[in-house]
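These are the residues of each chain, in order.
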Amino acid sequence: MSRLHSSRLCLPVFLLVGTIVALAATPVSASERLEILGDDPNLKHLGSEIERLAEASLGTVGVAAIHLESGRGVLLNGNERFPMASTYKVPIAVEILAQVDEGQRSLDDLITIQTSDHVVTYGALSDFFDTPGSRLTIQNVLGLMLRISDNIATDLLFREAGGAEAITARMRASGAEGIRVDRTTRALIASFLGRDDATAVRPMPPAEYNRLILEGNSSQLDEARLAELNEAFNSDPRDTATPQAMAALLRKIWKREILSEESSALLIDIMARCETGENRIPGALPPNTPVAHKTGTIGESTNDVGVITLPGDAGHVISVVFVKESKLPSSEAMEPVIAEIARASHDYFVFNRD
């Protein structure tokens, strides 16, 4: 079976979406891909372990493992661009909540779901709100986007937020300029399947998009064509982020530097109830370890980004793990790589608190 399938973004049933920059970054001699943040000489051991674990991906791995309170940490391929897949829903959420903080809109504002919004996808909106004219509050839609990675919810909020320009501009202004959001999930998935004519401004009609999805999940998409699509997608700079930039955004969320206290708390609470990716960042952590995170999957990319709460007074660890160009047979096969890197980061900062 061709590996196009995704647990959520991205492809429906589918297919397979002070800043850290200010910290001193010292290259580790063992690898040009690895950087140490801060003055903890023992972090080179964590870096070496993360590199070793990343080899199991059979692809390229980007990591930011950073102690939130002290700024100490490790970057692997920290300035390389990776497809965000559904982790790009965090920047979309930040833009919507920033507009709430600025008084431009309210969490109680209603969004009307039009017939043209309904396409084949995983999610509650396609399954339960398929009557034209259904209305949900922004807060309801935000929860669906982040908790179950609903793609229709994402595209509704992308539109409400003002589109790619507004979202990416917010990232630049916040010091996370390594993050760019360009397309709706519908346009992104269509592009992955070779249809770059579908854009946020000119969305592919639902019936045509649905046929494209069904064809993408059928035997008509042979391995040679899938390899061609993956190669084009992996080199596309749109809807990508660097691990360092995503870590900077997460840090600002947790430090209440980009959103109000109320909006920050809401976003963190929703991410703490994420229902996807239980085998990714949380997968190898001790039972009941609090994790607020967002996953993403498309093609040869499998991601998870979030913050792990350490026990006692040990603080928090920002954990960003992007995997791209993986030759493993499925996203599920990539998940242990993410889980083990998150566990190594967790354990290091539990036992090395200074």
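Residues numbered from 1 in each chain as written. Predicted model: local features only at pLDDT ≥ 70, side-chain atom pairs only at ≥ 80, totals over all residues. Heavy atoms only, no water.

(A) Molecular detail of the environment of Gly133. With respect to the helices, strands and loops of the structure, Gly133 is situated in the loop between α3 (124-128) and β7 (135-137). On the basis of relative accessible area, Gly133 is assigned to the partly exposed category, the value being 38%. It is 5.5 Å that separates the C-alpha atoms of Gly133 and Ile113, two residues lying 20 residues apart in sequence. Excluding its chain neighbours within four sequence positions, the residues that come into contact with Gly133 are Thr112 and Ile113. (Helix = DSSP H or I, 4+ residues; strand = E, 2+ residues; numbered from the N terminus. Buried < 20%, exposed > 50% of the residue type's maximum accessible area, 1.4 Å probe, protein only. Contact = heavy atoms within 4.5 Å.)

(B) Seen up close, helix α7 (residues 185-192). Extensive coverage of α7 is indicated by the burial of 8 of its 8 residues. By the burial criterion, the buried members of α7 are Thr185, Arg186, Ala187, Leu188, Ile189, Ala190, Ser191 and Phe192. Buried residues in α7 make contact with α2 (89-101), α5 (151-160), α8 (206-216), α9 (223-234) and β9 (291-298). Gly194 occupies a position one or two residues after α7 and carries a positive phi of about 90 degrees.

(C) The pairing of strand β4 (residues 73-76), seen in detail. Of the two faces of β4, both are covered, the one formed by Gly73 and Leu75 as well as the one formed by Val74 and Leu76. With 4 bridges joining them, strand β3 (residues 60-67) and β4 adopt antiparallel strand pairing. Paired with Val63 across the two strands is Leu76, which belongs to β4. (Pairing = 2+ DSSP bridges.)

(D) Region of interest: the packing of helix α10 (residues 243-254) against helix α11 (residues 261-272). Contact pair α10 / α11: the axes reach a minimum separation of 9 Å and the direction vectors enclose 120 degrees. The orientation of α10 with respect to α11, classified from their angle, is oblique. When α10 is examined against α11, the residues Leu250, Ile253 and Trp254 are found in contact with a partner set consisting of Ser264, Leu267, Ile268 and Met271. Taken together, the residues of the contact of α10 with α11 sort by class into 6 nonpolar, 1 polar and no charged. (Axes fitted to C-alpha atoms, helices over the stretch in contact; angles between N-to-C directions. Parallel < 35°, antiparallel > 145°, perpendicular 65-115°, else oblique. Nonpolar A, V, L, I, M, F, W, Y, C, P; charged D, E, K, R; others polar.)

(E) Spatial organisation of α8. Every buried residue of α8 is accounted for by Tyr209, Asn210, Leu212, Ile213 and Gly216. Burial along α8 is one-sided: seen end-on, the buried residues are contained in an arc of 160 degrees. Residues of α8 that are buried in the fold lie against α7. (Arc of directions from axis to C-beta.)

(F) Geometry of the packing of aromatic side chains. Enumeration over the complete set of coordinates arrives at 3 aromatic pairs. Between Phe192 and Phe233, the ring centres sit 5.1 Å apart and the planes meet at 80 degrees, which makes this aromatic pair edge-to-face. Taken together, the positions of Phe192 in helix α7 and Phe233 in helix α9 put the pair 41 residues apart, joining distant regions of the chain. Summarising the burial analysis for this pair, Phe192 and Phe233 share the class buried. The ring centre of Phe82 lies 4.7 Å from the NZ or CZ of Lys324, which sits over that ring. (Phe/Tyr/Trp six-rings, centres within 6.5 Å; stacked < 30°, edge-to-face > 60°. Lys NZ or Arg CZ within 6 Å of the ring centre and 35° of its normal.)

(G) Examining the confidence of the model for the chain more closely. The pLDDT averaged across the chain works out to 89; a share of 87% of its residues lies at or above 70. Throughout residues 10-30 the model reports pLDDT below 50, and contacts reaching past four residues in sequence, or to other chains, amount to 80 contacts. (pLDDT = per-residue confidence, 0-100.)

(H) Seen up close, the side chain of Thr168. Among the structural elements, Thr168 can be located in helix α6 (residues 163-173). Look at Thr168 and you get buried, because its relative accessible area is 11%. Separated by 2.8 Å, the side chain of Thr168 and the backbone oxygen of Val181 make a polar contact. If we skip the residues at most four places from it in the chain, Thr168 touches Ile179, Arg180 and Val181. (Polar contact = N/O pair within 3.5 Å; in protein donor to acceptor, adjacent residues only side chain to side chain.)

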